[in-house]
There are 2 protein chains.
Amino acid sequence: MVRRSGRRPGNQDTKQSILESARKVFAERGFDKASIRAIAGEAQVDPALVHHYFGTKEKLFLASMNSPIDPAEVIPKAMAGPPEEAGERLVRLVLGVWDSPAGAAAVALFRSALSNEWTARLMREFVVTQVLRRAVAELGIDEAQAATRAALVATQIAGLAVVRYVLRVEPVASAPTEQLVAAIGPNVQRYLTGDLPGVFETGDGH
Amino acid sequence: MVRRSGRRPGNQDTKQSILESARKVFAERGFDKASIRAIAGEAQVDPALVHHYFGTKEKLFLASMNSPIDPAEVIPKAMAGPPEEAGERLVRLVLGVWDSPAGAAAVALFRSALSNEWTARLMREFVVTQVLRRAVAELGIDEAQAATRAALVATQIAGLAVVRYVLRVEPVASAPTEQLVAAIGPNVQRYLTGDLPGVFETGDGH
DNA sequence: GTCTATAACTCGATAGAC
DNA sequence: GTCTATCGAGTTATAGAC
């Protein structure tokens, strides 16, 4: 029987460290500007190894998106509670997820979606229909209004992400979570359950 | 005397058409992905001509940013009126400018700022301090709160731009201006003049 | 003033040695 | 499993012919 001495060929941990580096670099630069070479350098690994493990750059991106956070599980939990505070809970949830290490994947997807058509489609289909629709549905909002309210919530959440994580405008960039929750939550609340002039025009006209 | 027949060497109008194409392509793709070749192709002109007229790509970008719209003139005009409707007027102003042909430069700057550090700095310095500070100053808002309120307004305006012009999420992408003004204006209003818990923490603590 | 040709650089992806 | 070498396609920018 063969006894392998010393460190094994590094198989399982290099693949994992490539994934971590990919999440980090994708989050910092977005899909397009994140080069395989840079990701490999970050992981102190040969660029060819990245291709060997993950094939194409797109497949690497998809692999790095497999986050331990499941919207189907975390959204209903956040929406449960007094409906009049759902806005604040949604902002708190988003900031909590995105500020966590596991949230790098979400930031990467968002940042990439801003400059790449392929990831933009990925995000539209995933976030807007999966996350926001789920959130408004959880609150029992009229189907005819759901799309409009979800899109309006998206404007506030996306803007928060842009200012805090992409443009890094102070004082929002480094404000504590609860301060932003108190400031922005009520505005999200209005989009969720408030009176919105013109929101009915899409659906029933009675 | 020399009589030139037919079309003159195209001097003055080619330079102008390059500028127009630059604004358009920069707005569509952002600074990085907008190639000199694509801009030249759009203007039906040789790529080398672009360099001949404008030097580098950065100088071309700066030249294309010289919009006929002057914030110093248009902001005070929009802020004049009942203070309790300033939010709606601000949203109406932004949508009016950005939907207009002359607004392509603004969209270009914004889109570029999302993926390029150089243009991001340009935008932080110009928009946040020039436009938003001017707007909140026009309303006579406390200096200590101005930065926070301006940044919060930025989250909503930037988010509106992202959803409407970059990600193109319906129904916001193709909603009429006044519907968005009615839906989003009040939220901007709250950031401008409303009660914001925690907004005082930066400044005076009395 | 206009355009061809090309330098000098990036990138993703692959072939093949070890 | 790992790495060297390289291909082919992008890019900005420049030099120089006409």
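Note that the structure is predicted; figures quoted are calculated from it, not measured.

### Concerning the UniProt feature "DNA-binding region" (unreviewed entry) in chain A
So, step 1. Here, the residues flagged by UniProt with the feature "DNA-binding region" (unreviewed entry) are residues 35-54 of chain A.
So, step 2. Along residues 35-54 of chain A one finds 75% helix and 0% strand; the C-alpha atoms at either end are 14 Å apart.

### A short note on the interface of chain B and chain A
How big an interface is tends to be stated in terms of the accessible area lost upon association of its parts.
So, step 1. Across the boundary between the two partners, chain B contributes 41 residues, which contact 41 residues of chain A.
So, step 2. Taken over both partners, the interface formed by chain B and chain A buries close to 3,300 Å², and the fraction arising from carbon and sulfur atoms is 61%.
So, step 3. Counting every contact that joins chain B to chain A gives two salt bridges.
So, step 4. Put simply, Asp32(B) and Lys33(A) hold a salt bridge, and the shortest N to O gap is 3.1 Å.
So, step 5. Counting across the interface, chain B meets chain A through 19 residue pairs in polar contact (both at pLDDT 80 or more).

### Some points on the nonpolar core
So, step 1. Leu60(A) and Leu60(B) are the most contacted members of the largest nonpolar core, which has 147 residues in total.
So, step 2. Sequence-distant contacts of Leu60(B), defined by excluding residues within four places in its chain, comprise Ile18(B), Leu19(B), Ala22(B), Phe26(B), Ile36(B), Ile39(B), Val50(B) and Phe54(B).

### Some remarks on the packing of helix α10 (residues 177-193) of chain A against helix α10 (residues 177-193) of chain B
So, step 1. Interhelical geometry of α10(A) versus α10(B) gives an angle of 160 degrees and a closest axis separation of 10 Å. It follows that α10(A) is roughly antiparallel to α10(B) by the angle criterion. Crossing hand, α10(A) versus α10(B): right-handed. Here α10(A) contributes Ala182(A), Ala183(A), Ile184(A), Pro186(A), Asn187(A), Arg190(A) and Tyr191(A) to the contact with α10(B), which in turn contributes Ala182(B), Ala183(B), Ile184(B), Pro186(B), Asn187(B), Arg190(B) and Tyr191(B).
So, step 2. When the residues that make up the contact of α10(A) with α10(B) are grouped by side-chain class, the tally is 10 nonpolar, two polar and two charged.

Parameters at a glance
- Residues numbered from 1 in each chain as written.
- Chains lettered and ligands numbered in written order.
- Predicted model: local features only at pLDDT ≥ 70, side-chain atom pairs only at ≥ 80, totals over all residues.
- Heavy atoms only, no water.
- UniProt positions renumbered as here; feature names shortened; annotations may be inferred.
- Helix = DSSP H or I, 4+ residues; strand = E, 2+ residues; numbered from the N terminus.
- Contact = heavy atoms within 4.5 Å.
- Buried area = accessible area lost by both parts, 1.4 Å probe.
- Salt bridge = Lys/Arg side-chain N within 4 Å of Asp/Glu carboxyl O.
- Polar contact = N/O pair within 3.5 Å; in protein donor to acceptor, adjacent residues only side chain to side chain.
- Core = buried A, V, L, I, M, F, W, Y, C linked by side-chain atoms within 4.5 Å.
- Buried < 20%, exposed > 50% of the residue type's maximum accessible area, 1.4 Å probe, protein only.
- Axes fitted to C-alpha atoms, helices over the stretch in contact; angles between N-to-C directions.
- Parallel < 35°, antiparallel > 145°, perpendicular 65-115°, else oblique.
- Left-handed = near helix turned anticlockwise from the far one by under 90°.
- Nonpolar A, V, L, I, M, F, W, Y, C, P; charged D, E, K, R; others polar.

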